Amino acid sequence: MKRPHWPSRIPVDPYILLLLGTVGLAALLPARGTGADIASDASTAAVALLFFLYGARLSTREALDGLRHWRLHATVLACTFVVFPVLGLAARGLVPVLLTDPLYQGLLFLTLVPSTIQSSIAFTSLARGNVPAAICAGSFSSLAGIVLTPLLAATLLGGSGGGFSGGSVLKIVLQLLVPFVAGQLLRRWIGGFITRHRKVLGLVDRGSILLVVYTAFSAGVVQGVWDRVSPARLGALLAVEAVLLAVMLLLTWYGARALRFGRADRIAIQFAGSKKSLAAGLPMASVLFGAQAALAVLPLMLFHQMQLMVCAVIAERRSRDPVEEVSGRAPDGVSPADRAARSGTGAGTGTRSGRA
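Keep in mind that this is a model prediction, so the values were computed, not measured.

Engineer: Is there a simple way to think about the overall build of the protein in this case?
Structural biologist: A tally of helices and strands in the protein yields 15 helices and zero strands. Counting every position in the protein, which comprises 356 residues, the buried fraction comes to 49%. Long-range contacts, defined here as pairs at least 24 residues apart, represent 86% of the contacts in the protein between residues at least 6 apart.

Engineer: I would appreciate a short explanation of the environment of alanine 134 in the present structure.
Structural biologist: Checked against the element boundaries, alanine 134 lands in helix H7 (residues 131-156). Note on alanine 134: relative accessible area 0%, which makes it buried. For alanine 134 and alanine 272, which are 138 residues apart along the polypeptide, the C-alpha to C-alpha distance reads 6.4 Å. For alanine 134, the contacting residues outside a window of four places in its chain are Ser120, Ile121, Thr124 and Ala268.

Engineer: For this particular structure, what's the right way to read helix H2 (residues 33-57)?
Structural biologist: Each full turn of the α-helix corresponds to 3.6 residues, which orients residues three or four apart in the same direction. The end-to-end C-alpha distance of H2 is 36 Å, a good match for the 36 Å that 25 residues give at a rise of 1.5 Å each. Considered for burial, the residues of H2 that qualify are Ala39, Ser43, Ala46, Val47, Leu50, Phe51, Leu53, Gly55, Ala56 and Arg57.

Engineer: Please clarify how the packing of aromatic side chains should be interpreted in this entry.
Structural biologist: In this description, an aromatic ring pair is defined by two values, namely the gap between the centres and the angle between the planes. A full pass over the atoms with the stated rule returns two aromatic pairs. Between phenylalanine 123 and phenylalanine 271, the ring centres sit 5.8 Å apart and the planes meet at 40 degrees, which makes this aromatic pair tilted. Note that phenylalanine 123 is positioned in helix H6 (residues 118-126) and phenylalanine 271 in helix H11 (residues 263-273), a separation of 148 residues in sequence. We note arginine 71 situated over the ring of phenylalanine 261; from NZ or CZ to the ring centre the distance is 4.4 Å. Across the ring face of tryptophan 253, the terminal group of arginine 318 is positioned such that the distance to the ring centre comes to 3.7 Å.

Engineer: I'm lost on the pattern of salt bridges in this one. Help?
Structural biologist: Should their charged atoms come close, side chains of opposite charge can pair. Tallied over the full model, the rule gives two salt bridges. A salt bridge links arginine 92 to aspartate 101, with the shortest nitrogen-to-oxygen separation between them at 2.6 Å. Of the charged contacts in the structure, one is a salt bridge between aspartate 321 and arginine 263, with a shortest N-O distance of 3.1 Å. Here aspartate 321, found in the loop between helix H13 (293-319) and helix H14 (323-327), pairs with arginine 263, found in helix H11; they are 58 residues apart in sequence, far enough to count as distant.

Engineer: For this particular structure, what's the right way to read the environment of alanine 246?
Structural biologist: For alanine 246, the location among the structural elements is in helix H10 (residues 231-258). Between the C-alpha atoms of alanine 246 and valine 310, which are 64 residues apart in sequence, the distance is 9.1 Å.

Engineer: How do you make sense of the environment of valine 229 when you look at a structure like this?
Structural biologist: Note on placement: valine 229 falls in the loop between helix H9 (198-223) and H10. Linking valine 229 and proline 102, residues 127 residues apart in sequence, is a C-alpha distance of 9.3 Å.

Engineer: Before we go on, may I ask you to explain the packing of helix H5 (residues 101-112) against H7 in this structure?
Structural biologist: Packed helix pairs are specified by the crossing angle of their axes together with the interaxial distance, meaning the distance between the axes. Contact geometry for H5 and H7: axes closest at 9 Å, N-to-C directions at 145 degrees. Classified by chirality, the crossing of H7 by H5 is right-handed. Mapping the contact onto sequence places Leu108, Phe109 and Leu112 in H5 and Thr149, Leu152, Ala153 and Leu156 in H7. Within the contact of H5 with H7, the residues separate by chemical class into six nonpolar, one polar and no charged.

Engineer: What is the right way to read the side chain of glutamine 307 from this model?
Structural biologist: Along the polypeptide, glutamine 307 turns up in helix H13. Look at glutamine 307 and you get buried, because its relative accessible area is 0%. In terms of polar contacts, glutamine 307 uses its side chain to reach the backbone carbonyl oxygen of lysine 276, at 2.9 Å. Non-local contacts of glutamine 307, meaning those with residues more than four positions away in its chain, are made with Thr116, Leu245, Ser274, Lys275 and Lys276.

Engineer: Mind showing me how you'd approach the nonpolar core here?
Structural biologist: Most often, soluble globular proteins keep nonpolar side chains buried together rather than apart. In terms of nonpolar packing, the biggest core is built from 68 residues, with Leu19, Leu107, Phe109, Phe271, Leu282 and Phe289 touching the most fellow members. The leading source of residues in this core is H13, at 15 residues. Apart from residues lying up to four places away in sequence, leucine 107 is in contact with Ala91, Leu99, Leu237, Val240, Glu241, Leu244 and Pro299. Ranked by size, the runner-up nonpolar core spans 14 residues in total, among them Leu72, Ile135, Ala137 and Phe261.

Engineer: Would you mind showing me how to read the packing of helix H4 (residues 70-90) against H7 here?
Structural biologist: At a closest axis distance of 9 Å, the pairing of H4 and H7 adopts a crossing angle of 35 degrees. Both H4 and H7 take part in a crossing whose hand is right-handed. In this structure, H4 uses Leu72, His73, Val76, Leu77, Thr80, Phe81, Pro85 and Leu89 to contact H7, whose residues at the interface are Ala133, Cys136, Ala137, Phe140, Ser141, Ala144, Gly145, Leu148, Thr149, Leu152 and Leu156. Here the contact of H4 with H7 is composed, by residue class, of 14 nonpolar, five polar and no charged.

What counts as what
Residues numbered from 1 in each chain as written. Predicted model: local features only at pLDDT ≥ 70, side-chain atom pairs only at ≥ 80, totals over all residues. Heavy atoms only, no water. Helix = DSSP H or I, 4+ residues; strand = E, 2+ residues; numbered from the N terminus. Buried < 20%, exposed > 50% of the residue type's maximum accessible area, 1.4 Å probe, protein only. Contact = heavy atoms within 4.5 Å. Expected span 1.5 Å × (residues − 1). Phe/Tyr/Trp six-rings, centres within 6.5 Å; stacked < 30°, edge-to-face > 60°. Lys NZ or Arg CZ within 6 Å of the ring centre and 35° of its normal. Salt bridge = Lys/Arg side-chain N within 4 Å of Asp/Glu carboxyl O. Axes fitted to C-alpha atoms, helices over the stretch in contact; angles between N-to-C directions. Left-handed = near helix turned anticlockwise from the far one by under 90°. Nonpolar A, V, L, I, M, F, W, Y, C, P; charged D, E, K, R; others polar. Polar contact = N/O pair within 3.5 Å; in protein donor to acceptor, adjacent residues only side chain to side chain. Core = buried A, V, L, I, M, F, W, Y, C linked by side-chain atoms within 4.5 Å.

By themselves, these are just geometric observations and shouldn't be taken as functional.
Structural data, given as structure tokens:
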């Protein structure tokens, strides 16, 4: 048997270190009184800016082109917004033996968040999978999540999610959907600027999320929510999330094989269908949970780092697959080239490779 080959460096996302530092700052110097009001208003503006930039970046043309590969995208959406939530609901049986109710609510919210874009593309590329499919799958998931995540949260979390009401729905529309649509409408004029200043605006993205985290965790410290979380409970949460990730990685890989997808498509499905977006989930939690957002985002932050480390190992191993397997036939006996010839499209989505 060949010995498993691990990556020379398992990635620890530097941004996670910044997030942890922000949590530490909130613990030591939480915003109080007038400072808390200012931080809350700034956080609200930051969330609106985030979703405006999301809308301005999403290429409508690539998204429409990607509809050609609708089976793959439907599979990823089903994994993200159907299978994940079902597993989250099943985890209810772990309360109160392993998880407290607030931690479970955060875990359930984690299962409702859309998939990632950047890391799905990066790992799919490393594993020599269908990169255009990963681009479109992540973009579709993020777009659908703006509507589906709040609706699923209102349905499955109910009053425990911070008191959903008509006012909450209006707040979601104003803070998330309206800025996103505005970004899409203005993309024609600002798309070039967004592309030229991608790195700078990326810093704006991350800085906005740090502000959201600081505000949420400051409120949690002031209200004493951390007195309700013990090290044993955090360890149990990590174990539950490890099982959740393992189940989704296995389901996306072998489920895609059962659906007769080729290797390149299975890789895109596995990486896009098993992951959750920290960038989308954090601002959504601040809107949906309000003062209770601190515990709600903790499971998502832990899961984010875990998925990066595990998927890095998987992508590294897939990158060393034999050439014959990479270009070989799919389980249905049809090679990618033959399938492309029959369908009149490429083996991928027909979109241009790049970042959505």
